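Chain and residue survey
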Amino acid sequence: MTGTATAQPATRPAGKLTSTGQRPGRRVRSYWRFYLALSPFYILFAVFGLYPVASTIVLAFQRWDGLTPRRFNGIDNFRFLVQDPTFWLSLKNTVVLFLMSTVPTLVLAILLAVMLQSAVRFTNVYRIAYFIPNVTSLVAMAIFFSSIFSTNFGLVNAALRSLGFQNQDWLGEPWGIKIAITTMIVWQWVGYNTLIYLAGLQAIPKDQYEAAKVDGAGPVRTFFSITLPQLRPVVLFTVIMSTIGGLQTFTEPQVMVGNSGGTGQSGMTVVLFFYRAAFLDNDYGYAAAIALSIFVLVLLFTAINWRIFRGRGEDR
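Parameters and conventions
- Residues numbered from 1 in each chain as written.
- Predicted model: local features only at pLDDT ≥ 70, side-chain atom pairs only at ≥ 80, totals over all residues.
- Heavy atoms only, no water.
- pLDDT = per-residue confidence, 0-100.
- Contact = heavy atoms within 4.5 Å.
- Phe/Tyr/Trp six-rings, centres within 6.5 Å; stacked < 30°, edge-to-face > 60°.
- Helix = DSSP H or I, 4+ residues; strand = E, 2+ residues; numbered from the N terminus.
- Buried < 20%, exposed > 50% of the residue type's maximum accessible area, 1.4 Å probe, protein only.
- Lys NZ or Arg CZ within 6 Å of the ring centre and 35° of its normal.

A few words now on the confidence of the model for the protein chain. For the protein chain, per-residue confidence averages 85 on the pLDDT scale, and 88% of positions sit at 70 or higher. pLDDT under 50 marks residues 1-5. Its contacts with residues more than four places away, or in other chains, come to 0 contacts.

Pairs of aromatic rings are described using the distance from one ring centre to the other and the angle between the two planes. Scanning all chains against the criterion turns up 16 aromatic pairs. Centroid distance Phe-80 to Tyr-286: 5.2 Å. Interplanar angle 65 degrees. Geometry classified as edge-to-face. Here Phe-80, found in helix α3 (residues 76-83), pairs with Tyr-286, found in helix α14 (residues 284-315); they are 206 residues apart in sequence, far enough to count as distant. For Phe-80, a relative accessible area of 48% gives the class partly exposed. In this structure Tyr-286 comes out as buried when scored by relative accessible area, which is 6%. Ring pairing ties together the aromatic residues Phe-80, Phe-87, Trp-88, Phe-273 and Tyr-286, which thus form one cluster. When the ring centre of Trp-64 is taken as reference, the NZ or CZ atom of Arg-70 above it lies at 4.5 Å. It is Lys-178 that lies over the ring of Trp-175; its NZ or CZ is 5.4 Å from the centre.

Listed below in structure tokens is the structure:
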């Protein structure tokens, strides 16, 4: 037995000091200026974002007309929603309008971006012209397109008459209403997406196009082999944003065909149905249930699009 003793390494008590030698509470207090600078955002988010969401979830399980006291009714609002044929009609109209508007918008935007990328003169003028529809008043555009698709004095019917066709009651027929609404949505958003794609095109290295030209690849082959694969992240972004916006279509049908959705309620979207339940029927509990269904619908379609486009990119 020896007289030597092994010295034990000194250990810092857990939770006493941080790696910088400061106590956790003191370190947090040292950054109070930064927390104070960020506090307006969190306060505004809590008041105008978090509280309305929580209130909507609670209201979806209640019955309230805006005046009398609220009454808890469980899942009756959701039960009635599932059995409401108008809800399913509005859901069908929303999906149809979403598909009719999103696909042409993104296809035209990519083609215009490619042509704008190859333009030599007046590029900035084209960019401004493409972006003007996106910053124009949506209500004013809806009134303008209502005049364009007017039965007797619309420009569309004037063009048809010049070609020997008869007038069409665009805003009085189910598919005419959908075509009019879709045309307006495409006109509004094609320029915005064009500029997004143009920014993505400018990030593609030029040497890839030069190598493809040396190998004898034509414009079509270059587009599908180089341009489109390189734009996949940008396409994913535009698809998701178009999905979120397209499934919340409201102003276009509301201004063009009214709160009823037009003939056969063919312009009745889910958001317009929500607006009618809340502000015309004063059934705020049922409207809250519709709002939650819109959230689930947007979340579902966004996840599907993410899986399709992101999945293809990972597989490659």
